[in-house]
Amino acid sequence: MKKETWKELTIGTINLEAGNSVKNLTGTWRSGHKPEFIEEHCIQCFFCWLYCPHFAILVEDGEVKGINYDYCTGCGMCAEECPSKEKSIVMVKEEVKLAEGGTE
Amino acid sequence: MSTLKTLNGNQTIAEAVRQVDPDVMAAYPITPSTAIVETIAKFKADGLISGEFVCPESEHSAMSVCIGAASAGGRVMTATASQGLALMWEMLYIAAGLRLPIVAGIANRALSAPINIHGDHSDTMGARDAGWIQIYSENCQEAYDNFIQAFRIAEHLDVRTPVLVGLDGFIISHSMEVVQVEGDEKIKDFVGEYQSVYPLLDTSRKITVGPLDFTDYYFEHKRNQMAGIENAPGVIQQVGKEYGEKFGRYYGFFEEYRMEDAETCIVVMSSAAGTCKDAIDELRNEGKKIGLLKPRIFRPFPAKEIALALKGTRAVAVLDRSACPGAFGAPLFTEIRNALYDYDPRPKVVNYVYGLGGRDIKVEHFKDVAEKLDKIAETGKVEEIYGYLNLRE
Ligand code: SF4
Ligand code: SF4
């Protein structure tokens, strides 16, 4: 996305585009670790969904289905809070670095 | 109808507020600006103003209310002084960053420690980089005239920047003067209808005010903010001229007093300029070619205009009613000396700090300065760039 020059910006820091934070791919902040979802262990308690600060837990038809890596920053909270007997989310090493830059 | 009223500085500000009748007035009383807030509260209780009057728990909250109300789309004012302005500190920057045209009356007062309730410019000079337009007043009449013009300047669509109007604590805030108060309708007409820009109360448009910026946008937004205050000079002049045409009192960036053939000049703002005029008259009677330049607008600083007014003189003394610990001179001095740097020939410029904590400055002190200026003009040599007036050494 082309970034505006200072002359093109709306005055007073006002953002006229409601909901444009979806364009902010916070997943690019992730470095080193990412959560991995293990569906067989999951008890569908939704703790991960509740705790995730980036709404990065994928939910389909009322069930936790995985992670949206576009927004997951790899903070590890979901894995920490997951209460199932055998962890349904574990943090794994991630070698691949995503693209530079914080916004789309 | 235009009438002559006996008012003190605080009452003139309150009178101007009654006439403009902003949508929201939020303030916390603090000496020496208390009477502004008190009088507004009385006007509200007596049904003389229709706007909301809010008295929150602190000045920080008062400025926060102003920011909220201005973002919502209202015309907003406040008043404070000294520690109150200092407590508003972080919110001052936010008001300017959000380009909210808030107008504030400041009864200039010293900052603690030691605690002191009297007049000096430490409070507003401390806020000089907050992004606000700063206007200083010599007397009650100017405080009234400046406060009314402040709304037009702040709210101009090219400017949209908060404005503070300074009046010296006690010396002006508490001194009675005969003030020409213009008719209510004429003032309402001069100030005009308030035009809000992206008001939050317009629910048909969903916007965000003051979102988080990262390294990729903060710089551009700050530069965008500065454009507002950069556009102010033309508007300040236009509004000052229009005010003069309507009410007979014209205003510009500064006042020149007996500067026509001046070889030396004293630069001083606010109430002390009145005393300085008496000193200049006496010195002129003695045949001295001396004049006064009284800055009215400190932010945005009219560098070029002031330099042009001073460049022909031989020696200039800039008098500051605030100190700038550790800096190379006090605020007004550094601006003026800097402004003159590109001119050749240029006068020698020296700095005197005076009047901290309300210490008197009298005709004799200005005469002492004049004598020092004479010596500098004669010899072309400056012995001391920086000094103090009426201080026990
Ligand atoms: S690692 Fe953090 S950001 Fe990613 S899904 Fe888990 S809680 Fe959300
Ligand atoms: S916290 Fe663990 S068990 Fe609960 S829904 Fe999320 S992944 Fe499943």
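Residues numbered from 1 in each chain as written. Chains lettered and ligands numbered in written order. Predicted model: local features only at pLDDT ≥ 70, side-chain atom pairs only at ≥ 80, totals over all residues. Heavy atoms only, no water.

A. Quick peek at the overall build of chain A. Check the secondary structure of chain A and you find two helices and four strands. Reading the secondary structure of chain A in the N-to-C direction produces β-α-β-β-α-β. Relative to the globule expectation of 13 Å for 104 residues, the C-alpha radius of gyration of chain A, 17 Å, shows a markedly less compact shape. Taking the principal axes of its C-alpha atoms as reference, chain A extends roughly 55 × 30 × 20 Å. When burial is assessed residue by residue, chain A has 29% of its 104 residues classed as buried. Summarising the internal contacts of chain A: among those between residues at least 6 apart in sequence, 67% fall at separations of at least 24. As presented, chain A carries roughly 6,800 Å² of accessible surface, and 55% of it is formed by carbon and sulfur atoms. On chain A, the mean spot of the 11 positive side-chain charges and the mean spot of the 17 negative ones are 7 Å from each other. (Helix = DSSP H or I, 4+ residues; strand = E, 2+ residues; numbered from the N terminus. Rg over C-alpha atoms; globule rule 2.2 N^0.38 Å. Buried < 20%, exposed > 50% of the residue type's maximum accessible area, 1.4 Å probe, protein only. Contact = heavy atoms within 4.5 Å. Areas by Shrake-Rupley, 256 points an atom, 1.4 Å probe, with all protein chains shown as cover. Lys, Arg positive; Asp, Glu negative; His and termini not counted. Charge placed at Lys NZ, Arg CZ, Asp CG, Glu CD.)

B. How the structure looks around the packing of aromatic side chains. Residues and elements named next belong to chain B. For the structure on display, the rule yields 12 aromatic pairs over all chains. Aromatic side chains Phe298 and Phe301 sit 5.8 Å apart centroid to centroid with 75° between the ring planes, which places their arrangement in the edge-to-face category. Neither Phe298 nor Phe301 differs from the other in exposure class; each is buried. Judged by centre distance (5.4 Å) and plane angle (80°), the ring pair of Tyr386 and Tyr388 falls under edge-to-face. Classification of Tyr386 as partly exposed rests on a relative accessible area of 28%. (Phe/Tyr/Trp six-rings, centres within 6.5 Å; stacked < 30°, edge-to-face > 60°.)

C. Fine view of the nonpolar core. Residue and element names in this part refer to chain B. Ile133, Phe147, Val267, Leu310 and Ile336 are the most contacted members of the largest nonpolar core, which has 71 residues in total. Per-element accounting of this core gives the leading share, nine residues, to helix H6 (residues 140-155). Counting contributing residues, this core receives three or more from each of domain 1 (3-247) and domain 2 (254-388). Once residues lying within four places of it in the same chain are set aside, the contact partners of Ile336 are Val267, Phe301, Ile306, Leu310 and Val318. (Core = buried A, V, L, I, M, F, W, Y, C linked by side-chain atoms within 4.5 Å. Domains from an automatic or database assignment.)

D. Focus on the site of ligand 2. Near ligand 2 there are 13 residues, and of these Cys42, Cys45, Phe46, Cys48 and Cys82 of chain A occur at the shortest range. Each residue belonging to the shell around ligand 2 can be placed in one class, and the counts come to 11 nonpolar, two polar and no charged. (Near = heavy atom within 4 Å. Nonpolar A, V, L, I, M, F, W, Y, C, P; charged D, E, K, R; others polar.)

E. Structural detail: the sheet that holds strand E12 (residues 297-299) of chain B. All names here are of chain B. Spatially, E3-E2-E4-E5-E7-E6-E12 is the arrangement adopted by the seven strands of the open sheet, whose pairing is mixed. Each end of this open sheet is capped by a strand with a single partner; those strands are strand E3 (52-54) and E12. Adjacent strand axes in the sheet meet at a mean angle of 20°, parallel and antiparallel pairs treated alike. Here strand E5 (residues 103-108) runs beside strand E7 (residues 163-168); their pairing, made up of six bridges, is parallel. (Pairing = 2+ DSSP bridges. Axes fitted to C-alpha atoms, helices over the stretch in contact; angles between N-to-C directions.)

F. Fine view of the site of ligand 1. Every residue near ligand 1 is listed here: Pro35, Cys52, Pro53, Ile57, Ile67, Cys72, Thr73, Gly74, Cys75, Gly76, Met77 and Cys78 of chain A. Within the shell around ligand 1, the residues separate by chemical class into nine nonpolar, three polar and no charged.

G. Geometry of the domain arrangement of chain B. All names here are of chain B. Assigned domains within chain B: domain 1 (3-247) and domain 2 (254-388). Once you take the C-alpha centre of each, domain 1 and domain 2 turn out to be 28 Å apart. Taken residue by residue, the interface counts 27 residues in domain 1 and 23 residues in domain 2. Roughly 2,000 Å² of surface becomes buried between domain 1 and domain 2 when both sides are summed, with 55% attributable to carbon and sulfur atoms. Seen at the junction of domain 1 and domain 2, the total is five salt bridges. With a shortest N-O distance of 2.6 Å, Glu142 and Lys294 are connected by a salt bridge. (Buried area = accessible area lost by both parts, 1.4 Å probe. Salt bridge = Lys/Arg side-chain N within 4 Å of Asp/Glu carboxyl O.)

H. Up close: the interface of chain B and chain A. Of the residues lining the interface, 21 residues belong to chain B; the matching set on chain A comes to 17 residues. Between chain B and chain A, the buried area comes to about 1,700 Å², and carbon and sulfur atoms account for 66% of it. Its largest share of buried area at the contact with chain A, chain B owes to Tyr198, Tyr217 and Asn224 of chain B, together 29% of the area lost on that side. Linking chain B with chain A are five residue pairs in polar contact (both at pLDDT 80 or more), by the criterion used here. Broken down by element, the residue count for the side of chain B that touches chain A peaks at five residues, all from helix H8 (residues 218-230) of chain B. Class assignment for the residues of the side of chain B that touches chain A results in nine nonpolar, five polar and seven charged. (Polar contact = N/O pair within 3.5 Å; in protein donor to acceptor, adjacent residues only side chain to side chain.)

I. Representation of the confidence of the model for chain B in the model. Residues and elements named next belong to chain B. Predicted confidence across chain B gives a mean pLDDT of 98, with 100% of residues reaching 70 or more. Considering each helix and strand of chain B separately, the mean pLDDT is smallest for strand E15 (residues 386-388), with a value of 97, and largest for strand E6 (residues 133-137), with 99. Scored as a complex, the prediction yields pTM 0.91 and ipTM 0.90. (pLDDT = per-residue confidence, 0-100.)

J. Representation of the packing of helix H1 (residues 9-20) of chain B against helix H2 (residues 34-45) of chain B. All names here are of chain B. Where H1 contacts H2, the two axes come as close as 8 Å, and the packing angle between them is 40°. It follows that H1 is oblique to H2 by the angle criterion. Crossing angle aside, the handedness with which H1 passes H2 is right-handed. Residue-level inspection shows Asn10, Ile13, Ala14, Glu15, Val17 and Arg18 of H1 in contact with H2, the latter providing Ala35, Ile36, Thr39, Ile40 and Phe43. Residues belonging to the contact of H1 with H2 are distributed by class as follows: seven nonpolar, two polar and two charged. (Parallel < 35°, antiparallel > 145°, perpendicular 65-115°, else oblique. Left-handed = near helix turned anticlockwise from the far one by under 90°.)

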